[in-house]
Amino acid sequence: MKFTPAKPPLTGETLDSLTARLREHGEPTFRAKQILEWLYKKRARTWDEMTNLPKTLRTWLDETFELIPATLVLNKQSDDITDKLLLELSDRSLIETVIIRAQQDGVGVENSRKTICISTQVGCAMGCVFCASGLDGLKRDLSAGEIVAQLLQVCYREDARTPRAKAELASFDNVVVMGMGEPLANYDALIRALTIVNAPWGLGFGARRITISTSGLVPKILQLADEQIGFRLAVSLHGATDAVREKIMPINKAYPLAKLLPAVKTFSEKHGRMITLEFILIEGVNDSIEQAEELCYIAKDLHAHVNLIPYNTVESLPWKRPVEEQLEAFANVMRAAAVSVTLRHEKGHDIEAACGQLRLKTEKERAVPEQETNAQL
Ligand code: SAH
Ligand code: SF4
């Protein structure tokens, strides 16, 4: 499910692919480095800002590439903590990128640590019953250029506020691939995008600060374990037994725990780093003490960190967040077993920060006729 834009985005080019393209056009190959430096270090937003390039080359670039394939249509700020960017792509699809600031004592909000949450698909095909992203199924995969563009849009948004931008560094500390979509179902574009984000000629952002979250596509977890670049892995478990997990995550039928957990172990052994198990707590579904105990066994066996996330309610879905005492009781079982655990109190609840909700709302308000949307794909 691909969308082919009229002009490929510059943000999807690697140093090699851009060099090859320039060579074909009869340009000296050092231009590729210059162009990417304008894009990622100096954050040029128009071709004309690239003043050390000849005018004829700028004209050709403009005719050949789209500089950045995502436009900011809405910046919804809930409080000092969370910022949500709604971005529109060339086919009018909407995606969201979230900026989450850590609260740190004695540090102003602008200098606090920032985690950026990016999307990899428009919609999602995995059908997890609690998730807003998958409600309308998968519309399409994002291209590598569209994935990278989200981080550049964050840089544009944040550069004016952060001293690090002056040193031409990315204006954030961590990237989590936890927005809309299943990243490992769009594997090639994901890896190409993160390679660009990581490369010295790209955003130069460390792989150890990039976490990919998956609902558990076993073959792709194993493929990721073999990649040269060591990204971090988070697994959306949400059920500590097959009986509970398969009720809420259809993927558990194809890849039950007996297949998933060994694959996660292989990944963590190859990379020698702690992986994260995410566990959203939904009232009466997976929040029992028995589930907490099962989760302890799994986490200990994998030497994994457990991230407990109180469920964020989604309009039109029946699921609820457990009461505070239940959340604490669940976390206490893990603490008593000496499992590394955080009980994350959802940030940005008031701006529909949970997966896919802002986009869903805007899509509804704008009510794009179905035919028009399909015709553009
Ligand atoms: N598809 C990938 C990554 C995107 S979802 C995955 O499933 O891991 C990112 C995380 O948000 C997942 O752990 C997902 O289960 C969780 N999530 C989805 N809907 C949520 C909700 N309403 N409240 C809290 N977390 C939610
Ligand atoms: Fe897709 Fe992740 Fe939502 Fe499941 S939780 S539907 S995999 S985005």
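Here the residue index of a chain counts from 1 through its sequence in written order. Chains and ligands are labelled sequentially in the order written, the chains with letters from A and the ligands with numbers from 1. At least 70 in pLDDT is required for a residue's local features to be given in this predicted model, at least 80 for side-chain atom pairs to be given and counted, and no such filter applies to totals for whole chains, interfaces and linings, which use all residues. Computation of side-chain values: all heavy atoms of the structure, hydrogens and water removed.

Draft legend 1. Up close: the nonpolar core. Within this scheme, the nonpolar core is defined by two criteria: the residues are buried Ala, Val, Leu, Ile, Met, Phe, Trp, Tyr or Cys, and they are joined through side-chain atoms within 4.5 Å. The classification of residues rests on relative accessible area computed with a 1.4 Å probe and restricted to protein chains. Under 20% of the type maximum is buried, over 50% is exposed, and intermediate values are partly exposed. Residues Phe172, Leu277, Leu295 and Leu308 are the most contacted members of the largest nonpolar core, which totals 112 residues. Strands here are runs of E lasting at least two residues and helices are runs of H or I lasting at least four, both read from the DSSP assignment and numbered beginning at the N terminus. Take this core: its biggest share by element is nine residues, from helix α4 (residues 144-159). The split into domains, and so the bounds of each, comes from an automatic or database assignment of domains. Shared between two domains, this core holds at least three residues of each, these being domain 1 (10-64) and domain 2 (215-346).

Draft legend 2. Molecular detail of the site of ligand 2. One heavy atom suffices: a residue is near a molecule or strand as soon as one of its heavy atoms comes within 4 Å of it. The local shell around ligand 2 holds 10 residues, among which Cys124, Met126, Cys128, Cys131 and Ser215 are the closest. Here the residues of the shell around ligand 2 are counted per class, giving six nonpolar, three polar and one charged. Under the convention adopted here, Pro, Cys and the residues Ala, Val, Leu, Ile, Met, Phe, Trp and Tyr are nonpolar, Asp, Glu, Lys and Arg are charged, and Gly plus all remaining residues are polar.

Draft legend 3. View of the side chain of glutamate 13. Its place among the elements puts glutamate 13 in the segment before α1 (15-24). Under the counting rule used here, the positive set is Lys and Arg, the negative set is Asp and Glu, and His together with the chain ends is not counted. When a carboxyl oxygen of Asp or Glu is within 4 Å of a side-chain nitrogen of Lys or Arg, the pair counts as a salt bridge. Lacking a salt bridge, the buried glutamate 13 has arginine 192 as its closest oppositely charged neighbour, with an N-O distance of 4.5 Å. Side-chain atoms alone can form a polar contact between residues adjacent in sequence; in general such a contact is a pair of N or O atoms within 3.5 Å, and within protein one must be able to donate a hydrogen while the other accepts it. Of note is the side chain of glutamate 13, whose polar atom sits 2.7 Å from the side chain of serine 17. Contacts are residue-level and defined by heavy atoms, with any inter-residue pair within 4.5 Å sufficient. Apart from residues no more than four positions distant in its own chain, glutamate 13 is found in contact with Pro8, Leu18, Phe65, Arg192, Ile196 and Trp201.

Draft legend 4. Spatial organisation of helix α9 (residues 257-271). How far a helix is expected to stretch is found by multiplying one less than its residue total by 1.5 Å. In this model α9 runs 21 Å from its N-terminal to its C-terminal C-alpha over 15 residues, within 8% of the 21 Å that 1.5 Å per residue would give. Inspection of α9 places Leu257, Leu260, Leu261, Ala263, Val264, Phe267, Ser268 and His271 among the buried residues, and these make up the whole buried set. Projected down its long axis, α9 carries its buried residues within an arc of 160 degrees, all on one side. Turned more than 90 degrees off the buried face of α9, the exposed positions are Ala258, Glu269 and Lys270. Where α9 is buried, its residues contact α6 (218-225), β9 (232-236), α7 (242-248), α8 (251-254) and α10 (289-302). Phi turns positive one or two residues past the end of α9, at glycine 272, with a value near 60 degrees. This arc is taken over the directions from the axis of the helix to the C-beta atoms.

Draft legend 5. Representation of α6 within the structure. Residues of α6 that are buried: Val218, Ile221, Leu224 and Ala225. Mapping the buried residues of α6 onto a view down its axis gives an arc of 120 degrees, with all of them on the same face. Close packing links the buried residues of α6 with α5 (187-198), β8 (210-214), β9 and α9.

Draft legend 6. Representation of unusual backbone geometry. Of note, the phi angle at histidine 238 is positive, near 60 degrees, even though the residue is not glycine. As for its placement among the helices and strands, histidine 238 is situated in the loop between β9 and α7. Residue classification places histidine 238 among the buried positions, given a relative accessible area of 5%. One non-glycine residue with positive phi stands out, namely alanine 338, at about 60 degrees. Examined against the element boundaries, alanine 338 turns out to sit in the loop between α11 (324-336) and β12 (341-343). Alanine 338 sits in the exposed class, given a relative accessible area of 64%.

Function cannot be read off these values alone, since they describe shape.
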